[in-house]
Amino acid sequence: MRTIAFYSPLRVWYVFKVLLTLYMLIRKRERFLLFSPLSAPKLVQTISRLGATFIKLAQVLATRNDFFPPEYLHVLKTLHDELPAMKQKEMQEIFDRAFETNPFYRFETRPIASASIGQVHEAWLDEHTKVAVKLRRKGIQKQVKADIRILTAFNALFRPLFSHYTKHSIEAVIAEFGSMIQKEVSLNQERANLIKFSQMYADQNVRFPLVYETLCCDDALVMSYEEGFRFDDKAAIEAAHIDIKPLIETLVRFYTEQMLVKGFFHADPHPGNLLVSKEGELILLDFGMVKRVPNETRIAIIEMLKAANERDYERYVSASKRMGTVAYDAPLGELAEFTERMFDIFENDALDSSSMQELAFEVLEQTKNLPFKLPQEAIYILRVSAIIEGLGITYIENFNGIKDILPILQQNIPRALGADKSIVESIKAEFKSLPMDLRAFKTALYRISEENLSVELSKPQLDVLKKSLQETLSPIITGMVLLFSALFVLVLDRTYEPVALVLFGMGLLRLVFRK
């Protein structure tokens, strides 16, 4: 496939239609100029046609219940990252590039799975050692880079149509998504992620594939072949007499360890990547999407969980601001009331899942003008939470994160804060840090005495200051430009006096009416 095909007019047109539809849905607009949004089925069909980049982008955006109407959310969540297999000639080209000599006793040319980034084949290293071989799809790196360029260009085009908070949320999604998917197309990166996971979470009662490092490269990843039932295959799991509830608890505890304790998590735990062995063991696959949780975000999540457990809604909103999901200057009282209403809905045992969702959408619709944001760090955390909750619903009636997951998370907060040590170990650790604490205190006192104490503003505070300055200076600059333009026109040619008067009047009005 030639690179020029990635920028073909037809493909760019499809991208334009998809993005315009997404922007109109986010803005709750039925029309924009001559365009109307694609219907939900047509949107999914077009996204599927565009392939890897846009399927994954739609999956990420589908975590935002406040962005899309229910009928669109439903179909976006049904999008699967599945594509037809590579042609035999293309597959052989990648195989020959990855392996100078064929290292396999037997290799099945027909793949058992084919996704947007690559496809998986069964193979044997000898008569008894079965492996899974993941081959990267031909030209996928160039396609992804081209798609990111097109996305960035169209985002710049649509950017003026949105509010301050919405456009920054969308930019965060595209920036984070662009960074993540370009890492995901590297099988060397996936191999490194898998090895690190296997070492870091060896004690979590979760099985990971074994990597055959000497056979791997950026075009091929060779792993042990793991067999089991898909996590959402309820009939097969029940037929095998496997108790799924302990596995759900294991999964929640595992993700608590990843996101709150270690800060290194698997960002794509969809049912195809989660298997249950015949022995009832949880198996995790596909390590292309792995993320780090910054320490400040991890602490903010812990504070949110503590506030949720104690039903302290104002503290919950304050933690949300620190995490970046709510604008720093958002009204605390109004958001605390909104949070309380949402908790009341999800804690109501008399409601089934569909009724909860319907009521939640009604509340979200009433609060659509509140300054919610989506920082880069939160995108995949929200996606993982939604996927795990969806898996729980498969097996437990009226399963939801607040009633069923929150207690497990609450139990693990002490570990996340490093309080899992014995009292003696904790005291020793405090004594070890005492000299540094005293030195820091002494330095602070010295700076105060010298009137040299600096105050460091957080990023949310700086964002609020920047926004405030922009709102204040923008009308002044615009007004002054119009006034100077009027003088320039008069100096240039006195016959343009009416035009100069109009410009002067517009400039004066802009300076007087700044809001």
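Residues numbered from 1 in each chain as written. Predicted model: local features only at pLDDT ≥ 70, side-chain atom pairs only at ≥ 80, totals over all residues. Heavy atoms only, no water.

**Some points on the overall build of the protein chain**
From N to C terminus, the protein chain includes 20 helices and 11 strands. Burial analysis of the protein chain (515 residues in total) assigns 44% to the buried set. Counted over contacts in the protein chain with a minimum sequence separation of 6, partners at least 24 positions apart contribute 67%. Summing over all exposed atoms, the protein chain offers an accessible surface of approximately 27900 Å²; the carbon and sulfur share of this is 56%. (Helix = DSSP H or I, 4+ residues; strand = E, 2+ residues; numbered from the N terminus. Buried < 20%, exposed > 50% of the residue type's maximum accessible area, 1.4 Å probe, protein only. Contact = heavy atoms within 4.5 Å. Areas by Shrake-Rupley, 256 points an atom, 1.4 Å probe, with all protein chains shown as cover.)

**So, the side chain of serine 224**
Examined against the element boundaries, serine 224 turns out to sit in strand β6 (residues 220–224). Given a relative accessible area of 14%, serine 224 falls into the buried group. Engagement of the side chain of serine 224 in a polar contact is seen with the backbone nitrogen of leucine 210, the distance being 2.7 Å. Every residue in contact with serine 224, bar those within four places of it in the chain, is listed here: Lys130, Val131, Ala132, Pro209, Leu210 and Tyr212. (Polar contact = N/O pair within 3.5 Å; in protein donor to acceptor, adjacent residues only side chain to side chain.)

**Details of the sheet that holds strand β10 (residues 282–284)**
Reading across from one edge, β5-β10-β9-β7 is the order of the four strands in this open sheet, with mixed pairing throughout. Each edge of the open sheet carries a strand with a single partner, namely β5 (206–207) and β7 (229–230). In this sheet, β10 lies alongside β5 in parallel orientation, the contact comprising two bridges. Bridging across to β10, valine 206 finds its partner in leucine 282. Along the sheet face, helix α10 (residues 244–262) touches β5, β9 (274–276) and β10 and points at about 40 degrees away from the line of β10. (Pairing = 2+ DSSP bridges. Axes fitted to C-alpha atoms, helices over the stretch in contact; angles between N-to-C directions.)

**Things to note about the pairing of strand β4 (residues 130–136)**
In terms of burial, β4 is largely enclosed, as six of its seven residues are buried. Counted along the chain from strand β3 (residues 118–124) to the antiparallel partner β4, the turn is five residues long. Direction of pairing for β4 relative to β6: antiparallel, over a ladder of five bridges. Counted as the bridge partner of valine 131 is serine 224 from β6.

**Focus: the packing of α10 against helix α11 (residues 295–310)**
Contact geometry of α10 with α11 gives a least axis separation of 8 Å together with a crossing angle of 115 degrees. Here Met259, Leu260 and Val261 of α10 lie close against α11, whose contacting residues are Arg298, Ile301, Ile302 and Leu305. Residue classes in the contact of α10 with α11 are distributed as six nonpolar, no polar and one charged. (Nonpolar A, V, L, I, M, F, W, Y, C, P; charged D, E, K, R; others polar.)

**Section: the environment of leucine 274**
Along the chain, leucine 274 falls in strand β9. Exposure remark for leucine 274: the relative accessible area of 1% places this residue in the buried category. As a C-alpha pair, leucine 274 and leucine 285 span 11 residues in sequence and 6.4 Å in three-dimensional space. With residues up to four places along the chain from it excluded, the contact list for leucine 274 reads Phe229, Arg230, Phe231, Leu251, Pro269, Leu282, Ile283, Leu284 and Leu391.

**Notes on the pattern of salt bridges**
Using the criterion set out here, one finds 15 salt bridges in the structure. With a shortest N-O distance of 3.0 Å, glutamate 93 and lysine 138 are connected by a salt bridge. Of this pair, glutamate 93 sits in helix α5 (residues 88–98) while lysine 138 is found in the loop between β4 and α6 (140–158), placing the two residues 45 residues apart along the sequence. One network of salt bridges, with partners in common, ties together Arg97, Arg136, Asp218 and Asp219. (Salt bridge = Lys/Arg side-chain N within 4 Å of Asp/Glu carboxyl O.)

**Quick look at the packing of aromatic side chains**
Scanning all chains against the criterion turns up 17 aromatic pairs. Taken together, a centroid distance of 5.2 Å and an interplanar angle of 80 degrees make the contact between phenylalanine 99 and phenylalanine 104 edge-to-face. No difference in accessibility class separates phenylalanine 99 from phenylalanine 104, as the two residues are buried. A cation sits over an aromatic face here: arginine 106 above tryptophan 124, 4.2 Å from the ring centre. For lysine 196, the ring lying beneath its charged end belongs to phenylalanine 264, and the centroid distance is 4.9 Å. (Phe/Tyr/Trp six-rings, centres within 6.5 Å; stacked < 30°, edge-to-face > 60°. Lys NZ or Arg CZ within 6 Å of the ring centre and 35° of its normal.)

Keep in mind that these numbers describe shape and distance, not what the molecule does.
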